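Below are the chains, spelled out letter by letter.
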2 protein chains.
Amino acid sequence: MSRPGGRPRRAASAVRQLPFQSLVNRYAPIEILSSDQVDAIIAAAFSILENQGMRFLEASSRRLLQAAGAQVDEATMQVRFDRALVLEKLALAPPEFRLRARNSAHDLVIGGNNLVFCAVGGPAFCSDLDRGRRAGTHAEVCDFLRLVQSLNIIHQESGGPFEAMDLPPETRHLDLYLAQLTLLDKNCQANGLGRMRTADCIEMNRIALGVKPEALSQDALVMAIVNTNSPMQLDIPMTEAVIELAGNGQACCITPFTLAGSMSPVTLAGTLAQQTAEVLAVATLAQTVRAGARIIYGSFASNVDMRSGAPALGTPEYSKAALASGQIARRLKLPLRSSNTTSSNCVDAQSAYESSMSLWGAIMGHANLVYHAAGWLESGLTASFEKLITDAEMLQMMAEFLRPIAVNEDELALAAIAEVAPGGHHFGTAHTLAHYETAFYEPLLSTRQNFETWQEAGSQDAAQRANRIWKQLLADYQQPTIDPAIHEELADYVARRKQAIVAGAA
Amino acid sequence: MSRPGGRPRRAASAVRQLPFQSLVNRYAPIEILSSDQVDAIIAAAFSILENQGMRFLEASSRRLLQAAGAQVDEATMQVRFDRALVLEKLALAPPEFRLRARNSAHDLVIGGNNLVFCAVGGPAFCSDLDRGRRAGTHAEVCDFLRLVQSLNIIHQESGGPFEAMDLPPETRHLDLYLAQLTLLDKNCQANGLGRMRTADCIEMNRIALGVKPEALSQDALVMAIVNTNSPMQLDIPMTEAVIELAGNGQACCITPFTLAGSMSPVTLAGTLAQQTAEVLAVATLAQTVRAGARIIYGSFASNVDMRSGAPALGTPEYSKAALASGQIARRLKLPLRSSNTTSSNCVDAQSAYESSMSLWGAIMGHANLVYHAAGWLESGLTASFEKLITDAEMLQMMAEFLRPIAVNEDELALAAIAEVAPGGHHFGTAHTLAHYETAFYEPLLSTRQNFETWQEAGSQDAAQRANRIWKQLLADYQQPTIDPAIHEELADYVARRKQAIVAGAA
């Protein structure tokens, strides 16, 4: 009983969820800055770049920027940029680009009105209701990856959900990449800490997708988050990632880490100006490495708690900064990245209302990429198996919210309205029967049981139900197929690289 | 260290919260319908009113409408309306009006870009973490009212948070009104079930505010929710409330109860058309009773769960219907009412993400009144003491979200940015010291404790912390003053009316 404009049908499975789908945000963004205010913030960013500049700790990047026309002070490692140079380089950045996946049905478009949800990346710990918060293992990382593959609403893997503490740190990234490329067929991010970690990811994706070396830069296969050391500094590993990614046609998501009051001014306007300056400085480097480098304007602006100095996430300030960053990114013609964040330490009401604040800011700010969209807890220190599910539900709800209301004769339903007696009901009308299977969003996690039924079933809250769902998804998980020759080539690469790293020839 | 445009300072108290404040939504609403789609929905509503009409069960309302020019079929009690009649009556409704409170600092403006948060109203049960879900008592109603008075972010009381099952139903409303008018000095809604319940509220508010009978209609003192029996019917008690309220210059919030798939068509466009038709029919009655009657376009459109027939609240559909209703209400030049809803049975992540969906739809749809803004649980069957607090936190966050970002030289903070070394921090700058006390939202409930500190403090989730907060607020509660003569007059009125009701002369 499908209908034009209707939602795609669900696949049969023990856990009912929406199908994998490309999301497009057709609603106008919320604009909380005036056009003059956007101008003033961008002008302030240029002023910072001209008068103060940014410190680049990596030497070759300073040479590249100097050759491109920036003013470099080698003693302080400060690089100053004329706005003409920045604007010239900025104009080279594509407003939209494709990110390929091992399964081409999972290819992503970054930019325009497209919206991509990426799982949580980078925490130190993992947690679930059964075993609590703990250091994670590679086996647990693999389980998390299986869930990211299984949850259709998640478009992209994040470059590792948490650290596998049972593996040696110097080769851990290789095990991660092999797991990404065999347990998922979605696009997976790189762990962009340094040149070799980035290069290994690019090479393994090249192998997995069967791309010839000379064709590598045609489409991006790999994206990595490039965090600045705010304020106004880029460290050596991140600079190496920029050079490696941009140089090979891969994508950089340039994200200053600006918590207002600590790594940036205590005011939002100042924080947005500094964030923009840092993005533009790194963007200029990326375009200098390779004209047309695929880059994203990343916003992570939030604030610290001024009583404790702790990060405050999922705040009203976070939401406002996301919307304002969208306005700035659109003015600069760059895709936008935002996030789904919370400071809560457990999967409770706080974790949900802070995630909601973040998501509404991100989505109505027309973020093209929502990083940490599912699974983030505890200000980003922990990846939670239950939060992955509560967030997936929220993401599905936002996806449904983004489906516009259809208004036509059938949807206006005047005949059905005339058919039902005053005070009657619509349960049995032909119109209801024709529409009910696809009319409304069917939740993944939420219950509409009445109190008594819910109580008889054990009074399970959302976190407890999420626990049941991720276990069911793991039980149902089906590994995507891979050409055995490619699998072998990947395994050989990992073995060879591990040997080289252990031998000190990394 | 206050500053221009800064937030008002907080009063000293054991629970830190924002001060009472009038809220104005300066952001443009989210518009998810095209102008043509709004036209089509309103045209469909007129078509329903012309061809099918609405059933008015109360006889005098049919006589009034017939005299005004509507077509009445006494056999079926159906009243049909020409669109010219509806438009003529609609033009009489004020787009904005004042609702007075016993404390004039708590007066409300309904309409324009003003935003009013009203507590939960109408549930059958109450609940808290200590005693669970249960039938409530008058003493518990009074505690809830004390909390509504104490929580500054709540502007209005709801006409009773839940039923006081230890009081006789026929006089219960009088005890409620006396409690409202002595425990709070905020505006309190009427329990608009029938003529006498409504009239008692108006008279007691008139006494409490010292308004002369002949001046009663100058400003509204009382508002009540008028629910239709969707589809397309208005029952006798609600009709009596409309006549009593409109006739005395008081306010009607006309709210169809349209759950798509049950009380309205299974489609959102049809549900919005029916909702609009029902509002316009009752609006026409109100304006016929008294030209210029103060009315609100109420939207409660959501959907049923098509698997169980249960109400589904805080859904993506709810959020879209709220935004669309805002567009329709603005076209009709009526203030808008929406709500904060959830189907969850406990104060968990679901209760928060569903409330968030509702609140973002309501607020970005430019609702002027958010009913059930705090305390609603279990599809409206229960008023929760802990949900009152989690919602108050969410409302405070939305209030902060609505404070626009200031962009000026001080806020752009270029001097502070220049002062801090690359990779340094802003904790000690003069700019930070000048701003930190008022720069960021300080939560009522949320924690930013790190995991270890939080764990040592008992690993309390948001619901457990909310339990502690409402008890502290009750301990700190201070009853607003009232003139003893007025208090006595109110008590006398209640005693006299109870006697009359018990004697059967109600």
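Right above here is the structure, for reference.
Visitor: So what exactly am I meant to see when it comes to the pattern of salt bridges here?
Guide: Any two side chains of opposite charge can pair if their charged atoms end up close together. One pass over the structure, following the stated rule, counts 46 salt bridges over all chains. Salt-bridge contacts for aspartate 128 of chain A lead to arginine 131 of chain A; the nearest nitrogen and oxygen are separated by 3.1 Å. Residue class for aspartate 128 of chain A comes out buried when judged on its relative accessible area of 4%. Arginine 331 of chain B is the salt-bridge partner of aspartate 39 of chain B, the closest N and O atoms lying 2.3 Å from each other. With aspartate 39 of chain B in helix α1 (residues 35-51) and arginine 331 of chain B in helix α9 (residues 316-332), the pair connects residues that are 292 residues apart, well separated along the chain. You can call aspartate 39 of chain B partly exposed: its relative accessible area is 37%. For arginine 331 of chain B, a relative accessible area of 35% corresponds to the partly exposed category. If you follow the salt bridges from partner to partner, you end up with Asp128, Arg131, Arg134 and Glu140 of chain A in one network.

Visitor: Looking at this model, I keep getting lost on the packing of aromatic side chains. Mind explaining?
Guide: In the structure shown here, the tally under the stated rule is 23 aromatic pairs over all chains. Taking 6.4 Å as the distance between ring centres and 55° as the angle between the ring planes, the aromatic pair formed by phenylalanine 162 of chain A and phenylalanine 385 of chain A counts as tilted. One end of the pair, phenylalanine 162 of chain A, is in the loop between β10 (156-157) and α5 (172-183); the other, phenylalanine 385 of chain A, is in helix α11 (residues 385-401), with 223 residues separating them in the sequence. Taken as a pair, phenylalanine 162 of chain A and phenylalanine 385 of chain A share a single burial class, namely buried. Through a chain of ring-to-ring contacts, three or more aromatic side chains come together here, namely Tyr27, Trp360 and Phe401 of chain A together with Tyr27, Trp360 and Phe401 of chain B. Note that arginine 133 of chain B overlies the ring of phenylalanine 125 of chain B, its terminal NZ or CZ placed 4.0 Å from the centroid. Sitting over the ring of tryptophan 470 of chain B, lysine 471 of chain B keeps its end group 5.7 Å from the ring centre.

Visitor: What am I meant to see in unusual backbone geometry here?
Guide: Trans peptide bonds make up most of the peptide bonds, and negative phi angles are found at most residues other than glycine. Of the consecutive residues serine 230 of chain A and proline 231 of chain A, the connecting peptide bond is found in the cis state with omega at 0°. Along the chain, proline 231 of chain A falls in the loop between β12 (223-227) and β13 (233-234). At lysine 333 of chain B, a residue that is not glycine, the phi angle is positive and equals roughly 60°. In this fold, lysine 333 of chain B is placed in the loop between α9 and β19 (336-339). Of the residues examined, lysine 333 of chain B reaches a relative accessible area of 60% and is grouped as exposed. Of note in this structure, serine 459 of chain B is not a glycine but carries a positive phi near 50°.

Visitor: Please explain the relation of the copies chain B and chain A as it appears in this structure.
Guide: Comparison of the two chain copies shows a relationship of rotation about an axis with a shift along it. Overlaying chain B on chain A yields an RMSD of 0.0 Å, the required transformation being a rotation through 180° with an accompanying axial translation of 0.0 Å. What we have between these two chains is a two-fold relation. Nearest to the rotation axis, the C-alpha of alanine 349 of chain B is located 2.1 Å from it, this being the minimum over chain B. Most of the interface of chain B is mirrored in chain A, where 100% of its interface residues are also at the interface.

Visitor: What am I meant to see in the nonpolar core here?
Guide: One recurring pattern in soluble globular proteins: nonpolar side chains tend to sit buried together. Counting 290 residues, the largest nonpolar core has Phe81 of chain A together with Phe81 of chain B as the members making the most contacts within it. In this structure phenylalanine 81 of chain B touches Leu49, Glu50, Phe56, Leu65, Ala70, Gln71, Val86, Ala281 and Thr284 of chain B, once residues within four positions along its chain are discounted.

Visitor: Can you walk me through the packing of helix α10 (residues 349-364) of chain A against α11 of chain A in this structure?
Guide: A pair of packed helices is captured by two measures, namely the crossing angle of their axes and the spacing between those axes. Residue and element names in this part refer to chain A. Look at α10 against α11: their axes get within 11 Å of each other, and the N-to-C directions meet at 40°. When the axes of α10 and α11 are compared, the pair comes out oblique. Of the two elements, α10 crosses α11, and the hand of that crossing is right-handed. Across the interface between the two elements, Ser351, Ala352, Ser355, Ser356, Leu359, Trp360, Ile363 and Met364 of α10 pack against Lys387, Asp391, Met394, Leu395, Met398 and Phe401 of α11. When its residues are assigned to classes, the contact of α10 with α11 shows nine nonpolar, three polar and two charged.

Visitor: What is the right way to read the sheet that holds strand β18 (residues 311-312) of chain B from this model?
Guide: Backbone hydrogen bonds are what pair the strands of a sheet, in a parallel or an antiparallel way. Residue and element names in this part refer to chain B. The strand order across the open sheet formed by three strands is β15-β17-β18, and the pairing between neighbours is mixed. The outermost strands of the open sheet, each flanked by one partner alone, are β15 (259-260) and β18. The sheet contact formed by β15 and strand β17 (residues 302-304) spans two bridges and is parallel. Of the residues in β17, the one forming a bridge with alanine 260 is asparagine 303.

Visitor: Please explain the sheet that holds strand β21 (residues 376-377) of chain B as it appears in this structure.
Guide: Residue and element names in this part refer to chain B. The four strands are arranged β9-β8-β22-β21 in an open sheet whose pairing can be described as mixed. Bordering the open sheet on either side are β9 (132-135) and β21, each of which pairs with just one other strand. The sheet contact formed by β21 and strand β22 (residues 382-384) spans two bridges and is antiparallel. By the bridge assignment, leucine 377 is partnered in β22 with threonine 382.

Visitor: Please clarify how the interface of chain B and chain A should be interpreted in this entry.
Guide: Interface size is often expressed as the accessible area that is lost when the parts come together. Contacts between the two partners involve 111 residues from chain B, matched on the other side by 111 residues from chain A. Taken together, the two surfaces of chain B and chain A that pack against each other cover about 9100 Å², and 67% of this comes from carbon and sulfur. For chain B, the biggest contributors to the area lost against chain A are Ile405, Phe440 and Arg448 of chain B; these three give 9% of the whole. Counting the contacts that link chain B with chain A gives six salt bridges. For arginine 307 of chain B, the salt bridge is made with glutamate 442 of chain A, and the minimal N-O distance between the two is 2.6 Å. Counting across the interface, chain B meets chain A through 37 residue pairs in polar contact (both at pLDDT 80 or more).

Visitor: Can you walk me through the side chain of glutamine 52 of chain A in this structure?
Guide: For glutamine 52 of chain A, the position within the fold is in the loop between α1 (35-51) and β2 (54-56). Overall, the relative accessible area of 11% leaves glutamine 52 of chain A in the buried class. At 3.1 Å, the side chain of glutamine 52 of chain A and the backbone oxygen of isoleucine 417 of chain B are in polar contact.

Visitor: Help me out: how do you make sense of helix α3 (residues 83-90) of chain B in this one?
Guide: Structurally, the α-helix is built with 3.6 residues per turn, so residues lying three or four positions apart point the same way. Leu85, Val86, Lys89 and Leu90 of chain B are the residues of α3 of chain B that are buried. The arc enclosing the buried residues of α3 of chain B, seen along the axis, measures out at 130°, which places them on a common side.

Visitor: For this particular structure, what's the right way to read the side chain of serine 384 of chain A?
Guide: Residue and element names in this part refer to chain A. Relative to the elements of secondary structure, serine 384 occurs in strand β22 (residues 382-384). Only 3.2 Å separates the side chain of serine 384 from the backbone nitrogen of glutamate 386, close enough to count as a polar contact. Side-chain polar atoms of serine 384 contact the backbone nitrogen of lysine 387, separated by 2.8 Å. The contacts of serine 384, once residues within four sequence positions are left out, are Ser127, Phe144, Val347, Gly375 and Leu377.

How each quantity is defined
Residues numbered from 1 in each chain as written. Chains lettered and ligands numbered in written order. Predicted model: local features only at pLDDT ≥ 70, side-chain atom pairs only at ≥ 80, totals over all residues. Heavy atoms only, no water. Salt bridge = Lys/Arg side-chain N within 4 Å of Asp/Glu carboxyl O. Buried < 20%, exposed > 50% of the residue type's maximum accessible area, 1.4 Å probe, protein only. Helix = DSSP H or I, 4+ residues; strand = E, 2+ residues; numbered from the N terminus. Phe/Tyr/Trp six-rings, centres within 6.5 Å; stacked < 30°, edge-to-face > 60°. Lys NZ or Arg CZ within 6 Å of the ring centre and 35° of its normal. Least-squares fit on C-alpha atoms with pLDDT ≥ 70 in both. Contact = heavy atoms within 4.5 Å. Core = buried A, V, L, I, M, F, W, Y, C linked by side-chain atoms within 4.5 Å. Axes fitted to C-alpha atoms, helices over the stretch in contact; angles between N-to-C directions. Parallel < 35°, antiparallel > 145°, perpendicular 65-115°, else oblique. Left-handed = near helix turned anticlockwise from the far one by under 90°. Nonpolar A, V, L, I, M, F, W, Y, C, P; charged D, E, K, R; others polar. Pairing = 2+ DSSP bridges. Buried area = accessible area lost by both parts, 1.4 Å probe. Polar contact = N/O pair within 3.5 Å; in protein donor to acceptor, adjacent residues only side chain to side chain. Arc of directions from axis to C-beta.

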